[in-house]
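Architecture and fold: a report
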There are 2 protein chains.
Amino acid sequence: VPGGTLSSSHFGDRLAALVTARESQIVVGLDPDPAKLWPGGDVPAGTPAEQAAAAVRAHAFAVLDAVAPVCVGVKPQLACFERLGAPGWAVLGDVVTHAHELGLVVIADGKRGDVPVTAAAYGQSLLGSLATPWGDVAGLGADAITANPLLGVDALEPLLAAAGTAGAGVFALVRTSNPGAADVEDLELADGGPLWERLARLVDDLGRERTGSAGLSDVGAVVGATVPGHLARMRELMPRAVFLLPGVGAQGGDVADLAPAFATSPAGGLVTASRSIVGAHETRGGHPATAARAEAETLRALAWSLAAV
Amino acid sequence: VPGGTLSSSHFGDRLAALVTARESQIVVGLDPDPAKLWPGGDVPAGTPAEQAAAAVRAHAFAVLDAVAPVCVGVKPQLACFERLGAPGWAVLGDVVTHAHELGLVVIADGKRGDVPVTAAAYGQSLLGSLATPWGDVAGLGADAITANPLLGVDALEPLLAAAGTAGAGVFALVRTSNPGAADVEDLELADGGPLWERLARLVDDLGRERTGSAGLSDVGAVVGATVPGHLARMRELMPRAVFLLPGVGAQGGDVADLAPAFATSPAGGLVTASRSIVGAHETRGGHPATAARAEAETLRALAWSLAAV
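Residues numbered from 1 in each chain as written. Chains lettered and ligands numbered in written order. Predicted model: local features only at pLDDT ≥ 70, side-chain atom pairs only at ≥ 80, totals over all residues. Heavy atoms only, no water.

Observations regarding the overall build of chain A
Scanning chain A from N- to C-terminus turns up 12 helices and 10 strands. Along the longest, intermediate and shortest principal axes, the C-alpha atoms of chain A span 60 × 50 × 40 Å. Of all 309 residues assigned to chain A, the portion counted as buried reaches 62%. Only carbon and sulfur atoms are counted for the fraction: they give 54% of the accessible area of chain A, which is about 10000 Å². (Helix = DSSP H or I, 4+ residues; strand = E, 2+ residues; numbered from the N terminus. Buried < 20%, exposed > 50% of the residue type's maximum accessible area, 1.4 Å probe, protein only. Areas by Shrake-Rupley, 256 points an atom, 1.4 Å probe, with all protein chains shown as cover.)

Written as structure tokens, this is what we have:
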């Protein structure tokens, strides 16, 4: 079923079917800055937060409408909505709903990580719901989230439990795309290998019993596209994991280097690009929507050709 | 000035003055579960999220009113507000305002950590503000935040920049209070010592040039009170850092073990307790507010006696 709405089916199976149906592994990143939105209509009167949130909503909907046909998912950056306060959080919910209407998987990028009782609260917030004396409060309804594994397995388990119930996925950070990632993630361990290899083993251990019929686990890994030299090793360590690959374009990553991500399945890698798609008109010229669609299609065709080899 | 509102002064100096004035290092944690609130009045009609948020607001205000006179700060757990959606985020803002009215420092506990451009957005969200074409959007106005250092120095720097501008602080995770923390934070490194020691050195390096006249840096460390055996070593590695010490009470930590945190300054350690204060009536009996105040005062007197030695 090429729909992004939550279902009881396994995340890996759902994603594999969706990637095949759409012939796309492209996930458009939404990191809206109210000062750099696509030209749009007027926004209603209100507080600065309300007006900025309304403008972000119109922008995000326009971006999704433009690129959804060539994408498999969207990755909203929670910080960019949170900084608009309550109106921003409301707009984030609207964006999730609209993305689902367009058949996209929603990956809520918040890189949450906390002690178990708090991790459970994040699971309710992003993937599940919260029972209250006044009725259930629905969470964001994301199809997957990003998570930070520094606090260990017991801090990831409540997120995995929430994901399992929702048919959703959890992408744990393994090696991020920023230059400073080397400071901690690349530290050599006493028993051999860098920390990121240990994080990769942790992802594989957690996912082994959570693998669907398509061979993909619902525990994925965030692997920066800026470090393609590590990808073959990553795939060796995590044969069942879907790789979420940020950093293509503005951060310097090149899709052509990502082939190892697709070695096990066309859905083994999700290529996320934000500024390079949303800001494509700055280099390509033309209408932002047209340029964004063209850039996303270029990325789609390239990634799909790698997966089909 | 014993006020918790943002000012241009240095966080360490502000905190040191406040701890001395209030003779308290106690930070009450707010992790409200709508199913376990203090008995309160009716809430207005609305959606489940709106009603639950209104009830959480009344509960949080009652908790703050009860314990503020014996505390120095409050640590709202962002997950517990976020899971109530936009109404929850609005209530979080009200809680910050009320805490400031009561003279408390607000430590926004979200353990954020992301690539630099996104870290800057979290800085705007929690500590600063965002410029938009419709005017500035004020952030939460916290006096300090918790942060996850897995992504390295360049991911922490935007948070530190926002903190410096606001006179706020950043508490980086060094060794958390959950049992699973051992999985990653305790891994032995090839050049000696566990990962948490390396994180401690990172905190010290970042804070060396950010130390105020009271000798405290505005880069602090989250150090679980459940691992008191490490505290003397932590203090050795981070002589200028304020330690945020969660885990007292419900998670098994004992205030009496925390003396090394106060070795350099009475404000060198902040003892955070959530369930043991807010749920004190369950063991002490009596009115929740009375029991919470008594429990917070017991913790305050014990911590203050350790600091005064």
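Some words on the interface of chain A and chain B
Between chain A and chain B, the residue contacts involve 69 residues of the former and 69 residues of the latter. When the two sides are added together, the surface that chain A and chain B hide from each other amounts to roughly 5400 Å², 65% of it contributed by carbon and sulfur. Together, Arg83(A), Trp134(A) and Leu150(A) form the three largest contributors to the area buried by chain A at its contact with chain B, with a combined 15%. At the surface where chain A touches chain B, the tally comes to 4 salt bridges. (Contact = heavy atoms within 4.5 Å. Buried area = accessible area lost by both parts, 1.4 Å probe. Salt bridge = Lys/Arg side-chain N within 4 Å of Asp/Glu carboxyl O.)

Things to note about the sheet that holds strand E8 (residues 219-223) of chain A
Residue and element names in this part refer to chain A. The sheet built from 8 strands closes into a barrel, its strands ordered E1-E2-E3-E6-E7-E8-E9-E10 with parallel pairing. The sheet shows a mean angle of 30 degrees between the axes of neighbouring strands, direction not considered. Pairing of strand E1 (residues 26-30) with strand E10 (residues 269-273), which is carried by 3 bridges, proceeds in the parallel orientation. Bridge pairing in E10 links Val-27 to Thr-272. Strands in contact with helix H4 (residues 85-101) are E1, strand E2 (73-76) and strand E3 (105-112); relative to E3, the strand with the most contacts, it is inclined by about 145 degrees. Along the sheet, helix H8 (residues 195-207) makes contact with strand E7 (169-175) and E8, crossing E7 at roughly 160 degrees. (Pairing = 2+ DSSP bridges. Axes fitted to C-alpha atoms, helices over the stretch in contact; angles between N-to-C directions.)

Observations concerning the packing of helix H2 (residues 48-67) of chain B against helix H4 (residues 85-101) of chain B
All names here are of chain B. One way to put it is that H2 packs onto H4 with a least axis distance of 9 Å and a crossing angle of 15 degrees. Taken together, H2 and H4 sit at an angle that is classed as roughly parallel. As for the relative orientation of H2 and H4, their crossing is right-handed in sense. Contact residues: H2 offers Ala-49, Glu-50, Ala-53, Val-56, Arg-57, Ala-60, Phe-61, Leu-64 and Asp-65, while H4 offers Pro-87, Gly-88, Val-91, Asp-94, Val-95, His-98 and Ala-99. Of the residues belonging to the contact of H2 with H4, the class tally is 10 nonpolar, 2 polar and 4 charged. (Parallel < 35°, antiparallel > 145°, perpendicular 65-115°, else oblique. Left-handed = near helix turned anticlockwise from the far one by under 90°. Nonpolar A, V, L, I, M, F, W, Y, C, P; charged D, E, K, R; others polar.)

A short note on the nonpolar core
Soluble globular proteins: nonpolar side chains tend toward being buried together. Judged by nonpolar contacts, the single largest core of 231 residues is most densely connected at Met238(A), Phe243(A), Leu270(A), Met238(B), Phe243(B) and Leu270(B). In this structure Leu270(A) touches Leu15(A), Val19(A), Gln25(A), Val27(A), Val72(A), Ile107(A), Phe171(A), Val242(A), Phe243(A), Leu244(A) and Leu245(A), once residues within four positions along its chain are discounted. (Core = buried A, V, L, I, M, F, W, Y, C linked by side-chain atoms within 4.5 Å.)

Let's talk about the relation of the copies chain A and chain B
It takes a turn of 180 degrees to lay chain A on chain B, together with a shift of 0.0 Å along the axis; the resulting RMSD is 0.0 Å. Viewed as a symmetry operation, the transformation between the two copies matches a two-fold axis. (Least-squares fit on C-alpha atoms with pLDDT ≥ 70 in both.)

Let's talk about the sheet that holds strand E9 (residues 243-245) of chain B
All names here are of chain B. Taken in spatial order, the 8 strands close into a barrel running E1-E2-E3-E6-E7-E8-E9-E10, and their pairing is parallel. In this sheet, neighbouring strand axes are inclined to one another by 30 degrees on average, regardless of whether the strands run parallel or antiparallel. Direction of pairing for strand E2 (residues 73-76) relative to strand E3 (residues 105-112): parallel, over a ladder of 2 bridges. Across the sheet, Gly-73 pairs through a bridge with Val-105, a residue of E3.

Here we look at the side chain of Thr272(B)
Residue and element names in this part refer to chain B. Relative to the assigned elements, Thr-272 resides in strand E10 (residues 269-273). By relative accessible area, Thr-272 is classed as buried at 2%. For Thr-272, the contacting residues outside a window of four places in its chain are Val-27, Lys-75, Leu-244, Leu-245, Pro-246, Gly-247 and Val-248.

A few points about helix H1 (residues 11-22) of chain A
Residue and element names in this part refer to chain A. The end-to-end C-alpha separation of H1 is 16 Å, in line with the 16 Å expected for 12 residues at 1.5 Å each. Buried within H1 we find Phe-11, Gly-12, Arg-14, Leu-15, Ala-16, Leu-18, Val-19 and Arg-22. Looking one or two residues beyond H1, the residue adopting positive phi is Glu-23, at roughly 50 degrees. (Expected span 1.5 Å × (residues − 1).)

As for the packing of helix H5 (residues 116-126) of chain B against helix H6 (residues 153-166) of chain B
Between two packed helices, the angle of one axis relative to the other and the distance separating the axes together describe the packing. Residues and elements named next belong to chain B. Running from amino to carboxyl end, H5 crosses H6 at an angle of 25 degrees, the nearest separation of the two axes being 8 Å. For the element pair H5 / H6, the angle class is roughly parallel. The interaxial crossing formed by H5 with H6 has right-handed handedness. Together, Pro-116, Ala-119, Ala-120, Tyr-122 and Gly-123 of H5 and Asp-154, Ala-155, Pro-158, Leu-159 and Ala-162 of H6 make up the contact between the two elements.

Description of the side chain of Arg83(A)
Note on placement: Arg83(A) falls in the loop between helix H3 (78-82) and H4. One polar contact links the side chain of Arg83(A) to the main-chain carbonyl oxygen of Pro32(A), over a distance of 3.0 Å. There is a polar contact of 2.6 Å between the side chain of Arg83(A) and the side chain of Gln124(B). Those residues in contact with Arg83(A), other than ones at most four positions away along the chain, are Pro32(A), Asp33(A), Pro34(A), Ala121(B), Gln124(B), Ser125(B), Leu130(B) and Val137(B). (Polar contact = N/O pair within 3.5 Å; in protein donor to acceptor, adjacent residues only side chain to side chain.)

Some words on the pairing of E10(B)
Residues and elements named next belong to chain B. Within E10, 5 of the 5 residues are buried, which leaves it mostly tucked inside the rest of the structure. Along E10, one buried face is formed by Gly-269, Val-271 and Ala-273 and the opposite face, lined by Leu-270 and Thr-272, is buried too. In terms of strand pairing, E9 meets E10 through 3 bridges, oriented parallel. Paired with Leu-244 across the strands is Leu-270, a residue of E10.

Description of the packing of aromatic side chains
Scanning the entire structure with this criterion turns up 3 aromatic pairs over all chains. Here the aromatic rings of Phe11(A) and Phe171(A) are separated by 6.1 Å at their centres, their planes lie at 85 degrees, and the arrangement is edge-to-face. Taken together, the positions of Phe11(A) in helix H1 and Phe171(A) in strand E7 put the pair 160 residues apart, joining distant regions of the chain. Grouping residues by exposure puts Phe11(A) and Phe171(A) together as buried. Judged by centre distance (6.3 Å) and plane angle (5 degrees), the ring pair of Trp89(A) and Trp89(B) falls under stacked. In this pair, Trp89(A) sits in helix H4 while Trp89(B) sits in helix H4, so the two residues belong to two different chains. Like Trp89(B), Trp89(A) is buried. Positioned over the ring face of Phe61(B) is Arg57(B), at 4.5 Å from the centre of the ring. Between the NZ or CZ atom of Arg235(B) and the centre of the ring of Phe243(B), over which it lies, the distance is 3.9 Å. (Phe/Tyr/Trp six-rings, centres within 6.5 Å; stacked < 30°, edge-to-face > 60°. Lys NZ or Arg CZ within 6 Å of the ring centre and 35° of its normal.)

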